[in-house]
Every structure is written in C-alpha cells, then in structure tokens.
Amino acid sequence: MPIVKIDGKEHEVPAGITILQACEIAGVEIPRFCYHERLSIAGNCRMCLVEVKPGPPKPQASCAMPVADKQEIITNSAVVKKARNGVMEFLLINHPLDCPICDQGGECDLQDQAMAYGYDRSRYAENKRAVPDKELGPLVKTSMNRCIQCTRCVRFAAEVAGVEELGATGRGEAMEITTYVKHALTTELSGNMVDLCPVGALTSKPYAYEARPWEMRKTESVDVFDGLGSAIRVDVRGNVVMRVLPRLNDDVNEEWISDKTRHAIDGLRYQRLDRPYVRKAGKLVEATWDEAFAAIAAKLQGVDGRKIAAIVGDQCDAESMVALKDLMAALGSPNVDCRQDGSKLQSGPRGGYIFNAGIRGIDQADAILLVGSNPRLESPVLNARIRKRYLSGKCAIASIGVPVDLTYPVERLGAGAATLRDVAEGRGSFAEKWKGAKNPLVIVGPGALAREDGAAVLALARSLATVRDDWNGFAVLHTAASRVGGLDLGLVPGEGGRDVAGILAGAQRREIEAVFLLAADEIDTSSLGKAFVVYIGHHGDAGAHRADVILPGAAYTEKPGTYVNMEGRVQLGQRAAYPPGDAREDWAILRALSERLGKTLPYDTLDQVRARLIVVNRVFAALDRQSPGAWGEFGKAGTMSDEPFETPIRNFYMTDPISRASRTMAECMASRQQAAVAAE
Amino acid sequence: MAMITADPQDVPKVDSFSFTPEYMAKVNEVIANYPPGRQASAVIGVLDLAQRQQGWLPRAAMDEVARILQMAPIRVYEIATFYTMFHLKPKGRYLLQVCTTTPCWLRGSEAVMKACQEAADGTTFSVQEVECLGACVNAPVVQINDDFYEDLDAASTRRVLDAFRRGETPKPGPQVDRQTSAPEGGPTTLKGE
C-alpha cells in the first residue's frame, strides 16, 4: 500500500484511491462541490486543489488524481489557499447573492465554503449571467442562476436513477443544466438530486419557503412506504413534519430515498382521524374513547371468537401487531392476517419470506432473476442498487413477468409460471448462465405471490435458490413495511382460521361478525358485508369509511415503533411528532380496548410490549442486524395458471393511506399522466 | 459568441427527419469507423451528415441521430449545442464565415464583412463572424460552406457572391492572380532549372 505524506504526516493508504480520498482517510478536509462518493468523478469545480510533489508546479484537482507511493500532498499552504480562493471567486462571479431568500440557506455547501475561501467583497462589476429556470416536475424546483455547474444532478440522473434526461447544453458562459426538451423527470428518485445539489439551484418544490433548517427538530427514524425500511431523518417544526431526508445506511438505502418516502409526508396533515367515531343510524358521529370502547364491547358481547377477524395494514409497527395478535388470541379468534394483498407467503421458516441475501447481497450477485417483480415501482432504491450491480457488468439480469422499464436492460424470459418452470428445469440460455453463476439471486415479487397459485410459484422459485453457508440466493421483495414483521410475529390464520379472502367471503356470508382493521385500507371494503368493522388507524381512507367504530391511531412519524424490513432487519422508528387530537399510539389503543373486553393484555409500557415481541420471536432482540433466515420447506407444489406475473402497484405515487392523502403525490401522478398523454 | 438557448422556440417546426438512402450509406460508413458497441463515438460525424442533408439541425434530426446511435437524446443535444458549427436554427444555403481576426482585419476584412452583410438575406446567404480560420497568409478570408475564398476585397467578394447567386460555384482559393500562397503574378524565385 502506498505511503503518502499529507501535510507533513505520513499515512499508509489503499492503492488506487484518489488524493481526496486519501486526505479523507487522514482526516484532512478538502473542500469540494462536484466530487461525490457515489457518483463518477467529474473534476470540474476545481475547489479541491492541492499541491502534489512530485508533480507539475501548479495545484492539482485532488478528486481526480490517484495517489502514488512517496507522494507529498500539501493542503494547507499559501499556494493552495490562494488557488482555492481564486476558484471560489470565479464560482461566485455568476452566483446571485440571494442567500436570504434561498431555501438552501443554512445547509449550503457554497455558503459554508465561501466562509472559508470567499473574499469579503466582489471585484466583478459586469453583469451576471441570467439563466432561465427549468421545469423538472412537481418535486424539483429550479433556480438556475444559482447553478455552479458541478453536474452532480446530471451524473445522478444518468448513473443512479438510470434516466438520461438531464444534461449540460451549450458551452462556456452559455452552459446550462437542462432537459433541453421541457418535461418532468421520469424517475422515482428525483428528490435525491435536491440533496446532491451543493447550492440552491435545485430545491424541493413542496418544501419551498416552508422552513429553515435550524428551526426544525431532527429525529432519526425508519421509512414505511415500501418494504426496504430506508433510514430517514424526520424534520419537524412545532408538531408538523416539514420534510423527510435520507440518512446514510450503506446496508439498506446508501443515501437515497424514493420520492414517495420524501414527499408523501404532506399526507400526514390531511384526512387525519383525530377523534374516535361511532356509527349511529348509518352515520359516523364523533364520540369519546369511552363511548367507542363501549360500542365495541357491546357488539362483541357473546360473539364466538371464531366469528371475529383481524386484518393488518401495510405500514403497521410490530408493537401494534403483537398487541392485535394477543388480543385476537384472547378473544379466541384464529382469523388474523397481515397479508392484505393475498400473498401466499407463510409464516414458516424465515428463509421463505425474507430477502435472505440482504440488500448488500445484490452487490455480490452474479445472476439475478426477477420473478413477478417490478422493483422500480415496488422499491425504487432497491432498483437503483440492482442497477448499480448491472453497471458493474458482472451480473446477468433476467426477468419473468409483464415487460417493464427498469432503467437497465434485462433479459426478458417470459411472462408467467411456465417460463419459471423452464428455468428451474434448466431449459434455455439463461438457465445455463444460472447454473454457471456463483451467487445467483432469485427475487420473487408480489406479482408472483399475491395470486391463487402463489404457493406453487414460491415452491418453484425455492428450487432455483442456491443456499450455502456463505450465500442464500432466495429473496422475497416486499412492498409492505409491516409484512416481514407480521410474518415474524405469526399474524397469519391459525388452526382453521381464515385469510383475508376467507375473512371477506365469511363477512359476506355472515360467518364473520366483527372485523378489526389495523390501518388496513388496501382491501376491498365493499365486500365486508354486514360485519361490524372496527378501524384502528390514522387516516380517513377506505377502511375508516366502512368502519362502524373508528379508533384514531398514530402514523409512523408519531410513534416509536419497531419495523422489520424485507431483508429481516429489525429497525427502530422514533417519534418525531405527536398524533393529532385524541389519537393515540396503536398498541396502547389495543391495550385499553382489551381491558374493556375483559381480556386485559399483560403489558402497560412500551418496554413491556417490546419484551413481549422478543418472547414471540427472538429476532426482535437484535436491532439492525441482517442474516439469512432459517431454511426449510415452504411453498406448495401445485398447478400454476398461465396468467402473466404483474406487479400489483399500478400507481407508484399512491399506495397507502398517507400517500393517497398527499397533494404532492397527486401532483406527481397528474404530471406522469400528462407526460403519458403527451407521449401518445 | 451568441448565447445558445436550449431548445430554441423561434425555429420552424420540423416534425420528422430521416436520412435519405445516400446519406444513410454515409452514416453507416462513419459508424463503421468505430468498434461494434461504440457507435455513439460517431455522433459528431452523423450530426454533421444530418446538418448537410437538412441544412441545419432541427430537434427531429437530433432525435433521429440519437435513435440510430442508441444514445439518450440529451447526450446528442449536449454535443449539438456545444459546437458552434452545428446550427440549431435555419440558415441560408451558403454560410459566409468571415474571419475578422487581426491579420484579416489588417488586410481589410471590414470591407469584406460589409459586402457579405449586404448580400445576406437569410435564405441564400447567412453571415457569421468567426475567429481565425488559419489562412492568414491569404487574408482576408471567408469560408463559404466547405471552401475558403481568399485574398478578398469588397469587389471580389461581391463577384464571388454574385456567382453563387447565379448558381455557379466560383473557384475556391485566392481571388487574385496567385497560386495558393505563392507571390502575386507568378513565382519570383526558383524559376530556373
């Protein structure tokens, strides 16, 4: 490993890295604008100049220069300081001094670095250049006068998001960052460009002029809009969630989050359930908690447990799910299901329902087979990870299902189960590649599992999995944040119990008399028949409209909660704000209700609920760990239909009660529809 | 240099563009200069062919080039807007690129420029002021489409332009009695055996 001298101190650094990276290892800070760890090197901002010996007698851009043995790097000399001052002066020539009205103010790289390298006055008396603003869709606001042309956004669009729509046109003073043709960006990751922009050229449109970074309380939490469990930071002013930003987590989301994760949060302000309701004479009327509980207790009096059922929604925390499970057990009901979409996953061996290889496993896979999955809609950040693997050129990727644009080319093998059988039985050219692969990864999506023959598809996919001590190539892609937690806790029908379809059918035939919906809105509520419906949740969505009693709960930003992501990683979300009005945390509602029903649950504090989680399943004892699940038999061989595999997500921007209430998401949807119409 | 506005709006709308068979053959020739899979390297050459066929580069032509070379359209737009020799707005049949850099200026490019500007009507002739064309020894010089017309003055410029207007192609090179950059009126040295 080369030994370099940085500012007079010797450091041993890995070969093949750049001087800027070496300085970072040595703890020497180098200012930069265009350089970003997760993007290709551009070397065009010139802010990272250092002196290098031996080398040319002028400062070098450290981000683009590799380290070599016995190199001497000087970062703090007068020459370096002067060079960086010069670069900063040039950058500021055409930069408007509008920090007081700029949304980036307070978290702006240019502002911060100008403090260290800027002059206190301008020597530039000519006119500054003016650049027309661009229309990049409902999420990204542009103020192109502020652009310093670092091209981070261009590189992000081309490399990570996989949509080559941004570019730098013209040259010299006329250079502009633009889509050239007016249109909104067609990526689900566009919000990340706002984070990447080192100045205020790209800012968040929904958050424009809303708040200043120093006014907000920052809470680290976990995302619930898809099964990935991205690490997020929730910024709150007063009791209002102002914005959501990604946190670094290389194991899960690197530093990206999807547009839904970032921008659906305005849905937390609308359509909220802030007090209990009880249906009287066909109309929902406001009630007190006491009245609501009394109505439930009266209805459930003397009802056989087998006639009671519960369905769990897609964004529930593990605490509320375990409380519901215990309550249903106490009521004597086996009819519990956490698989709203009718997925045929079972609660059996953990290896059968998690993303065993882990998100990091994608980086090692050398063959990926997507079965009934459109990761671009189901989990855009995961899709970016697969794309990164595709770009490495070391991975063959094929898909079985309806053709979709994943932002990287895949070999399309076929549409349905017959093709999957072909691959499993070794027919076709991809099957050859599959056999030759060291770390093949089969990703089974909801499009293959949420159907009648899901168990048979699951069993067939299982036969494709390579399972070794160091590799488990079976992966289930979940769209619901609560799903793995629910399966871990066993929220599936017990002995003789009914699943979601069974519950709905039973409700219509009057065999089910009472149904608890724990924030479950993605079921067909019109088929609940005459059943007595108790809705525990945070939004006035489909479930609440059908409910006979509404118990207002807390959304994910309003309660400390445990979530298990698709790879089986147990993560803690924190409370960033308080639920509105009379709403309470969901587990506490269930605990209070259990007392009124005479089946008091044995926990009074959150810690006791979490202790109960660990009793139900040991995995809850370790936070933020990922390992392949126990391997065993799962799925059930059987006949399969010819129906093509198709992702259940029709509309990425509206998949859950929060995003359906979000105006930003509605705008995104309208923008996409407009683009689709314009394209025709 | 004039500011190039991305996606100019004041240009006639060209709905579709496709290469004629002759030009398509040339396109394939340019692409064949590069290894398979590296067809995007041919972009400047193919754009030039598109511009020669159309006279200028409408967006439809750039999109067609992107399609042929399997590139994202924005990558083609970036290149077409970067180089000043690609014309994103219609121009006259003959583009008069008048050099006004010092040597040409000293030799009277102002008069040449004036003559060109008088002729410029936007359909037959368009004028563009350019930096040194590298033919200072024959200053002043005007590049008309692909050819250099050298040793010009106002009168000879008008003569050349009139010939173009009549549909003729005047002989490129010096417009005075001189072989390339040899002395006027024939050689003065090295005449004998």
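Keep in mind that this is a model prediction, so the values were computed, not measured.

Peer 1: Any details on helix 12 (residues 429–436) of chain A? Residues and values, ideally.
Peer 2: All names here are of chain A. When we look at burial in helix 12, the residues that qualify are Phe430, Ala431 and Trp434. All buried residues of helix 12 project into a common sector of 100 degrees when viewed along the axis, lining one side. Opposite the packed face of helix 12, turned more than 90 degrees from it, sit the exposed residues Ser429, Lys435 and Gly436. The secondary structure elements touched by the buried residues of helix 12 are strand 17 (367–371), strand 18 (396–400), strand 19 (411–414), helix 11 (417–424), strand 20 (440–444) and helix 14 (454–464).

Peer 1: Can you explain the interface of chain A and chain B? Please cite residues and give values.
Peer 2: Residue-level contacts link 18 residues of chain A with 18 residues of chain B. For the pair chain A and chain B, the summed buried area comes to about 1600 Å², and 61% of that belongs to carbon and sulfur atoms. Where chain A meets chain B, there are one salt bridge. We note a salt bridge from Glu164 of chain A to Arg75 of chain B, for which the minimum N-O separation is 2.4 Å. Our count for the chain A to chain B interface comes out at five residue pairs in polar contact (both at pLDDT 80 or more). The leading source of residues in the side of chain A that touches chain B is strand 7 (residues 167–169) of chain A, at three residues. Grouping the constituent residues of the side of chain A that touches chain B by class yields eight nonpolar, five polar and five charged.

Peer 1: Go over the pairing of strand 22 (residues 514–518) of chain A, please, and point to the residues and values.
Peer 2: Side-chain direction in a regular strand flips from residue to residue, so the side chains alternate between the two faces of the sheet. All names here are of chain A. The buried fraction of strand 22 is high, at five of five residues. The side-chain alternation of strand 22 yields two buried faces, one formed by Ala514, Phe516 and Leu518 and the other by Val515 and Leu517. In terms of strand pairing, strand 15 (residues 308–312) meets strand 22 through five bridges, oriented parallel. Bridge assignment links Ala309 to a residue of strand 22, and that residue is Val515. Examined bridge by bridge, strand 22 and strand 23 (residues 532–537) share five bridges and lie parallel to one another. Counterpart to Phe516 in the pairing with strand 23 is Val534.

Peer 1: Lay out empty space enclosed by the protein in plain terms, naming residues and giving numbers.
Peer 2: All names here are of chain A. Inspection of every chain in the model, using the stated rule, returns eight cavities of 30 Å³ or more. Sort the elements by how many residues they give to the lining of the largest cavity and helix 21 (residues 663–679) lands first, with four residues. Considered as a void within the structure, the second largest cavity measures approximately 80 Å³ in volume. As for the second largest cavity, its lining consists of 13 residues, of which Cys147, Cys153, Cys197, Ala201 and Leu202 are closest to the centre. Residues that form the lining of the second largest cavity fall into these classes: 11 nonpolar, two polar and no charged.

Peer 1: So what's going on with the sheet that holds strand 3 (residues 142–144) of chain B? Which residues, and what values?
Peer 2: All names here are of chain B. In space, the five strands of this open sheet follow the order 2-1-3-4-5, with mixed pairing throughout. One side of each edge strand has no neighbouring strand; the edge strands of this open sheet are strand 2 (125–130) and strand 5 (173–174). Sheet topology places strand 4 (residues 147–150) next to strand 5; two bridges connect them, and they run parallel. Bridge pairing in strand 5 places Tyr149 opposite Gly173.

Peer 1: Explain a nonpolar patch on the surface to me, using residue names and the numbers behind them.
Peer 2: Taken together, the side chains of Ile44, Phe82 and Tyr83 of chain B define a hydrophobic patch exposed on the protein surface, amounting to about 250 Å² of accessible area. Residue position: Ile44 of chain B is located in helix 2 (residues 43–54).

Peer 1: How would you explain the layout of surface pockets if you had to name every residue and give the values?
Peer 2: Residue and element names in this part refer to chain A. In this model, the largest pocket occupies a volume close to 1000 Å³. Taken together, 40 residues form the lining of the largest pocket, with Glu107, Val194, Asp195, Leu196 and Leu245 sitting closest to its centre. Among the elements of the structure, helix 3 (109–117), helix 5 (191–196), strand 9 (202–204), strand 12 (240–246) and helix 6 (259–263) are those that each provide at least two residues to the lining of the largest pocket. Looking at the lining of the largest pocket element by element, the count peaks at five residues for strand 12. Of the residues that constitute the lining of the largest pocket, the class distribution is 16 nonpolar, seven polar and 17 charged.

Peer 1: Break down the nonpolar core for me, with residues and values.
Peer 2: Residues and elements named next belong to chain A. In terms of nonpolar packing, the biggest core is built from 108 residues, with Ile368, Leu441 and Tyr556 touching the most fellow members. Here the element with the most residues in this core is helix 4 (residues 152–161); it accounts for six residues. Discounting residues that sit within four places of it in the chain, Leu441 has contacts with Phe355, Ala357, Ile362, Ala365, Ala367, Ile368, Leu369, Trp434, Trp471, Gly473 and Ala475. Counting 99 residues, the second-largest nonpolar core is a separate cluster that includes Val303, Val371, Phe532 and Phe634.

Peer 1: Talk me through helix 10 (residues 380–392) of chain A; I want residue IDs and the actual numbers.
Peer 2: Residues and elements named next belong to chain A. Taking 1.5 Å per residue, 13 residues should reach 18 Å; helix 10 reaches 19 Å between its end C-alpha atoms and fits that length. Taken as a whole, helix 10 has its buried residues at Pro380, Val381, Leu382, Asn383, Ala384, Arg385, Ile386, Arg387 and Arg389. Buried residues in helix 10 make contact with helix 4, strand 17, helix 9 (375–378), strand 18 and strand 20. Two residues or fewer after helix 10 comes Gly393, characterised by a positive phi angle close to 75 degrees.

Peer 1: Now, about the domain arrangement of chain B: what can you tell me, with residues and values included?
Peer 2: Partitioning chain B into domains gives domain 1 (1–90) and domain 2 (94–174). The C-alpha centroid of domain 2 of chain B is placed 27 Å from the C-alpha centroid of domain 1 of chain B.

Peer 1: I'd like to hear about the sheet that holds strand 23 of chain A, residue by residue, with values.
Peer 2: Residues and elements named next belong to chain A. Pairing is mixed in the open sheet, where seven strands are placed in the order 14-13-24-23-22-15-16. The sheet is open, and its two edges are formed by strand 14 (283–286) and strand 16 (335–337), each paired on a single side. Each adjacent strand pair in this sheet contributes to an overall mean axis angle of 15 degrees, direction not counted. Pairing of strand 23 with strand 24 (residues 549–552) involves four bridges; the strand directions are parallel. Residue Ile536 lies in a different strand from strand 24, and its bridge partner there is Leu551. In the packing of helix 8 (residues 318–331) onto the sheet, contacts are made with strand 15, strand 16 and strand 22, and the angle to strand 15 comes to roughly 170 degrees. Sheet strands in contact with helix 18 (residues 586–596) are strand 22, strand 23 and strand 24, and its direction is about 140 degrees off that of strand 23.

Peer 1: Explain the packing of helix 11 of chain A against helix 14 of chain A to me, using residue names and the numbers behind them.
Peer 2: Two quantities define a packed helix pair, namely the angle between the axes and the distance from one axis to the other. Residues and elements named next belong to chain A. Look at helix 11 against helix 14: their axes get within 9 Å of each other, and the N-to-C directions meet at 25 degrees. Relative to helix 14, the element helix 11 lies roughly parallel. Of the two possible hands of crossing, helix 11 and helix 14 adopt the one that is left-handed. Contacts from Ala417, Leu420, Arg421, Val423 and Ala424 of helix 11 reach helix 14 at Val457, Leu460, Ala461, Ser463 and Leu464. Here the contact of helix 11 with helix 14 is built from residues that sort into eight nonpolar, one polar and one charged.

Peer 1: An account of the packing of helix 4 of chain A against helix 10 of chain A is requested, with residue identities and associated values reported.
Peer 2: All names here are of chain A. Contact pair helix 4 / helix 10: the axes reach a minimum separation of 9 Å and the direction vectors enclose 85 degrees. With respect to their mutual orientation, helix 4 and helix 10 come out roughly perpendicular. Between helix 4 and helix 10, the contacting residues are Ala158, Glu159, Val160 and Ala161 on the first element and Ala384, Arg387 and Leu391 on the second.

Peer 1: Talk me through unusual backbone geometry; I want residue IDs and the actual numbers.
Peer 2: Cis peptide bonds are those with omega within 30 degrees of zero, and the linkage from Lys53 of chain A to Pro54 of chain A qualifies with -5 degrees. Locating Pro54 of chain A in the fold gives a position in the loop between strand 3 (49–53) and strand 4 (60–61). The amide bond that connects Ala139 of chain B to the next residue, Pro140 of chain B, takes the cis arrangement and shows omega of -5 degrees. If you trace the backbone, Pro140 of chain B turns up in the loop between strand 2 and strand 3. With a phi angle near 50 degrees, Ala281 of chain A is a residue other than glycine that sits in the positive phi range. With respect to the helices and strands, Ala281 of chain A occurs in the loop between strand 13 (277–280) and strand 14.

Reading guide: rules and limits
Residues numbered from 1 in each chain as written. Chains lettered and ligands numbered in written order. Predicted model: local features only at pLDDT ≥ 70, side-chain atom pairs only at ≥ 80, totals over all residues. Heavy atoms only, no water. Buried < 20%, exposed > 50% of the residue type's maximum accessible area, 1.4 Å probe, protein only. Helix = DSSP H or I, 4+ residues; strand = E, 2+ residues; numbered from the N terminus. Arc of directions from axis to C-beta. Contact = heavy atoms within 4.5 Å. Buried area = accessible area lost by both parts, 1.4 Å probe. Salt bridge = Lys/Arg side-chain N within 4 Å of Asp/Glu carboxyl O. Polar contact = N/O pair within 3.5 Å; in protein donor to acceptor, adjacent residues only side chain to side chain. Nonpolar A, V, L, I, M, F, W, Y, C, P; charged D, E, K, R; others polar. Pairing = 2+ DSSP bridges. 1 Å grid on protein atoms, 1.4 Å probe; cavity = no way out; pocket = protein on both sides within 12 Å on 5 of 7 lines; lining within 4 Å. Points joined across faces, edges and corners; volume = space filled by probe spheres on them. Patch = residues over 30% accessible without salt bridge, like charges linked within 9 Å, V, L, I, M, F, W, Y side chains within 5 Å. Areas by Shrake-Rupley, 256 points an atom, 1.4 Å probe, with all protein chains shown as cover. Core = buried A, V, L, I, M, F, W, Y, C linked by side-chain atoms within 4.5 Å. Expected span 1.5 Å × (residues − 1). Domains from an automatic or database assignment. Axes fitted to C-alpha atoms, helices over the stretch in contact; angles between N-to-C directions. Parallel < 35°, antiparallel > 145°, perpendicular 65-115°, else oblique. Left-handed = near helix turned anticlockwise from the far one by under 90°.

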